[in-house]
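Residues per chain are reported as follows:
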Amino acid sequence: EKIIRRKGLLEKWCLNLLAACLFTCGGQRPQVYGQLQVPTAEKIKNIEREVKTREFFELSTLTEKTVRSPDLPYVIFPASMFRYIRFHVSLIRNTILQKFGKIDSLGGQPMCLFLDTRDASPISTKKVTGSLRSFLTRRDEELSSITPMALRASYATMMVDAFRKGKIFKSFGENQFLEFLGKFMNTSV
């Protein structure tokens, strides 16, 4: 109740978490963030164990524009994001639902991780783009034209550049690397 009463706190948390995801999740399409599913309590426990030995964890999506490769069927998050996702799932998301008198879907129905703070509906692609613009504009007005798709393209360019300079995936040939990057970003080579 304190979170709900503190004007702007939910919105600020959700904006910052979404921006962090956009910057750390490897150039995903903006639609992905509206499709990310809430990890179950069991999945949270498994992730907690996994991030002690791996540098990443995975979350599933409901549907996407392009079906993900069976080799990489999930969205990859850096391990450093786990504590924020866990906090969001355990407190913030439930607070948004409580604020609007909603409860999660029952009967095994999928539940979206990111909710619109205005009505507790799953966030839309337009909301993802607007949130990024809002986040960046607050830091520097000149950044207001950057979109999630611009981040996506920049990520791909930086990865290809790092590969060609021999900084990453040194054991891969170029075609092998591009195939992996395409699967990771859920796009064509």
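This write-up is about the structure you can find in this document. Small disclaimer: the values here were computed from a predicted structure and weren't measured.

Criteria and thresholds
- Residues numbered from 1 in each chain as written.
- Predicted model: local features only at pLDDT ≥ 70, side-chain atom pairs only at ≥ 80, totals over all residues.
- Heavy atoms only, no water.
- Helix = DSSP H or I, 4+ residues; strand = E, 2+ residues; numbered from the N terminus.
- Rg over C-alpha atoms; globule rule 2.2 N^0.38 Å.
- Contact = heavy atoms within 4.5 Å.
- Areas by Shrake-Rupley, 256 points an atom, 1.4 Å probe, with all protein chains shown as cover.
- Lys, Arg positive; Asp, Glu negative; His and termini not counted.
- Charge placed at Lys NZ, Arg CZ, Asp CG, Glu CD.
- Axes fitted to C-alpha atoms, helices over the stretch in contact; angles between N-to-C directions.
- Parallel < 35°, antiparallel > 145°, perpendicular 65-115°, else oblique.
- Left-handed = near helix turned anticlockwise from the far one by under 90°.
- Nonpolar A, V, L, I, M, F, W, Y, C, P; charged D, E, K, R; others polar.
- Disulfide = S-S within 2.5 Å.
- Buried < 20%, exposed > 50% of the residue type's maximum accessible area, 1.4 Å probe, protein only.
- Expected span 1.5 Å × (residues − 1).
- Arc of directions from axis to C-beta.

### A short note on the overall build of the protein
Assigned secondary structure in the protein consists of eight helices and two strands. Starting at the N terminus, the α and β elements of the protein follow one another as α-α-α-α-β-β-α-α-α-α. Relative to the globule expectation of 16 Å for 189 residues, the C-alpha radius of gyration of the protein, 17 Å, shows essentially globular dimensions. The long-range share in the protein, meaning contacts at least 24 apart out of those at least 6 apart in sequence, stands at 60%. Of the accessible surface of the protein, which amounts to about 11,000 Å², a share of 54% is contributed by carbon and sulfur atoms. If the 30 positive side-chain charges of the protein are averaged to one point and the 18 negative ones to another, these points end up 4 Å apart.

### A word on the packing of helix α2 (residues 9-24) against helix α5 (residues 82-99)
Viewed as axis vectors pointing N to C, α2 and α5 meet at an angle of 140°, and their least axial separation amounts to 11 Å. Judged on the interaxial angle alone, α5 and α2 are oblique. Relative to α5, α2 is oriented so that their crossing is left-handed. The residues of α5 that touch α2, namely those facing Leu10, Glu11, Trp13, Cys14, Leu17 and Cys21, are Tyr84, Ile85, Phe87, His88, Ile92, Thr95, Ile96 and Lys99. Among the residues forming the contact of α2 with α5, the class breakdown is 10 nonpolar, two polar and two charged.

### With respect to the state of the cysteines
Two cysteines form a disulfide when their sulfur atoms are joined by a covalent bond. Scanning the entire structure with this criterion turns up zero disulfides. Here Cys14 is not disulfide-linked; the sulfur of Cys21 is the nearest cysteine sulfur, at 11 Å. Counting only cysteine sulfurs, Cys14 is the nearest neighbor of Cys112, a cysteine outside any disulfide, at a range of 13 Å. Cys112 gets classed as buried once you look at its relative accessible area, which sits at 13%.

### Description of helix α7 (residues 148-164)
With 17 residues, α7 ought to run about 24 Å at 1.5 Å a step, and its terminal C-alpha atoms sit 24 Å apart, in line with that. For α7, every residue scored as buried is listed here: Pro148, Leu151, Arg152, Tyr155, Met159, Val160, Ala162 and Phe163. Down the axis, α7 shows its buried residues gathered within 165° of arc, on one side only. Relative to its buried face, α7 has exposed residues pointing more than 90 degrees away, namely Thr157, Met158 and Arg164. Taken together, the buried residues of α7 touch α2, α6 (125-139) and α8 (174-185). After α7 finishes, the residue Gly166 shows a positive phi value of roughly 75°.

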